[in-house]
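# Overview (structure and organization)
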Amino acid sequence: MQTTTGARSGLGGSAALLVLLVGQAMANIDLAIVNLAVPAISTDLDVGSSELTLIVTAYALCSAVLLAPAARLGERQGVRRVYLWGLTLFTFASVVCGLATSAAVLIAGRCLQGAATALMISQVLVGIHRWFTGPARGRALGWNVLTLSGGAALALIAGLCSFAALRAIATAPAGPRTPTPRPTQPSRPPRCSPPRRTPDTRRPPPTDPPAPPAPPAGGARTTKDDQR
């Protein structure tokens, strides 16, 4: 059996605790986030309810079954080494699940994720009890409990944000949005107003009245002869 080194303190202890809690948070997030992806998985892979149930439960089932053997393996091979094995296998299994094109591949990837989770989280408590003593151990256990409770909530928030982002991308138009041209009204020619006539204030010059017509010359003589 390989024994680990003694208690850690200072910056090295904080870094070791952070690495352990990252693995614990990843396990909790992966357990809860798949529940939000069930509708999308059912649509994309065209799977039934029984296969969806197996996709959700395969992760937890493999993790629970392999948890005790993984802890025993950590005692034999060392906490750090087994934890890194689990982290590497978890990354590989996540890539397989992300690229899965059928329900069988996705279920196999979920089983690998469960096995990797068992390798990781089994070393968290072992590492805390071996690397921390006294009050530092109590603080480390408190941070572990906080990670366990906050991981599920963080998974729901991350899942909802991812769902909203994917929905926005799916409903976005394919090309750039061009503004719709508005119908333009024909321009009217400007109205030409007639020029204003300024009233002529000047008086016209006075004109003489017309002269009466002159009587004919023979007419007056004829009148005198008649009187005679």
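Residues numbered from 1 in each chain as written. Predicted model: local features only at pLDDT ≥ 70, side-chain atom pairs only at ≥ 80, totals over all residues. Heavy atoms only, no water.

This brings us to the nonpolar core. Nonpolar side chains in soluble globular proteins tend to be buried together. Of all hydrophobic cores here, the largest spans 17 residues; its most connected members are Leu 17, Leu 20, Phe 90, Ile 128, Trp 131, Phe 132 and Ala 140. For this core, the secondary structure elements donating two or more residues are α1 (10–36), α5 (79–98) and α6 (103–131). By size, the runner-up hydrophobic cluster in this structure holds 10 residues, among which are Val 34, Ile 41, Leu 52 and Leu 106. (Core = buried A, V, L, I, M, F, W, Y, C linked by side-chain atoms within 4.5 Å. Buried < 20%, exposed > 50% of the residue type's maximum accessible area, 1.4 Å probe, protein only. Helix = DSSP H or I, 4+ residues; strand = E, 2+ residues; numbered from the N terminus.)

Direction vectors running N to C along helix α4 (residues 67–77) and α5 enclose 130°, while the axes themselves pass 7 Å from each other. By the criterion of interaxial angle, the relationship of α4 to α5 is oblique. For the pair α4 and α5, contact is made by Ala 70, Leu 73, Gly 74 and Gln 77 and by Val 79, Arg 81, Val 82 and Trp 85, respectively. By residue class, the composition of the contact of α4 with α5 is five nonpolar, two polar and one charged. (Axes fitted to C-alpha atoms, helices over the stretch in contact; angles between N-to-C directions. Parallel < 35°, antiparallel > 145°, perpendicular 65-115°, else oblique. Contact = heavy atoms within 4.5 Å. Nonpolar A, V, L, I, M, F, W, Y, C, P; charged D, E, K, R; others polar.)

Looking now at unusual backbone geometry. Backbone geometry places Asp 46, a non-glycine residue, at a positive phi of 55°. Note that Asp 46 resides in the loop between α2 (38–45) and α3 (49–65). Exposure remark for Asp 46: the relative accessible area of 69% places this residue in the exposed category.

A few words now on the side chain of Ser 63. Here Ser 63 is to be found in helix α3. Not counting chain neighbours up to four residues away, the residues in contact with Ser 63 comprise Gly 114, Thr 117, Ala 118 and Ile 121.

For the rest of this paragraph, the subject is the pattern of salt bridges. Going through the model one piece at a time under the given rule, you end up with two salt bridges. The partner of Asp 30 in a salt bridge is Arg 110, with the nearest N and O atoms 2.9 Å apart. Taken together, the residues Asp 30 in helix α1 and Arg 110 in helix α6 connect sequence positions 80 residues apart. Taken individually, Asp 30 and Arg 110 each receive the classification buried, so the pair is uniform in this respect. With a shortest N-O distance of 3.2 Å, Arg 72 and Glu 75 are connected by a salt bridge. Here Glu 75 and Arg 72 lie together in helix α4, a separation of three residues that amounts to about one turn. By relative accessible area, which is 42% here, Arg 72 ends up partly exposed. (Salt bridge = Lys/Arg side-chain N within 4 Å of Asp/Glu carboxyl O.)

To continue, consider α6. Within an α-helix, residues lying three or four positions from one another point in the same direction, as the helix has 3.6 residues per turn. Over its 29 residues, α6 extends 41 Å from the first C-alpha to the last, a length consistent with the 42 Å expected when each residue adds 1.5 Å. Of all bends in α6, the biggest is about 25°, found at Val 124. (Expected span 1.5 Å × (residues − 1). Bend = angle between axes of the 7 residues up to and from the residue.)

With that out of the way, let us pick up the environment of Tyr 59. Examined against the element boundaries, Tyr 59 turns out to sit in helix α3. Taking C-alpha positions, Tyr 59 is 9.5 Å from Ala 108, a pair spaced 49 residues apart along the chain. In this structure, Tyr 59 is in contact with Ala 27, Asp 30, Leu 31, Phe 90, Arg 110, Gln 113, Gly 114 and Thr 117, ignoring residues within four places of it in sequence.

A contiguous nonpolar patch, built from Leu 61, Val 65 and Leu 66 and spanning about 280 Å² of accessible area, is present on the exposed surface. Considering the arrangement of structural elements, one finds Leu 66 in the loop between α3 and α4. On the accessibility criterion, Leu 66 (35% relative accessible area) is partly exposed. (Patch = residues over 30% accessible without salt bridge, like charges linked within 9 Å, V, L, I, M, F, W, Y side chains within 5 Å. Areas by Shrake-Rupley, 256 points an atom, 1.4 Å probe, with all protein chains shown as cover.)

Further remarks concern the confidence of the model for the protein. The predicted coordinates should not be examined in detail at positions where pLDDT is low. Taken residue by residue, the protein gives an average pLDDT of 75. The fraction at 70 or more is 64%. Looking across the protein, the model is least confident in helix α8 (residues 217–227), with a mean pLDDT of 49, and most confident in α5, with 91. The low-confidence segment residues 1–5, where pLDDT is below 50, has 12 contacts with residues more than four positions distant or belonging to other chains. For the stretch residues 222–228, pLDDT sits under 50, and the model shows zero contacts to residues farther than four places along the chain or on other chains. (pLDDT = per-residue confidence, 0-100.)

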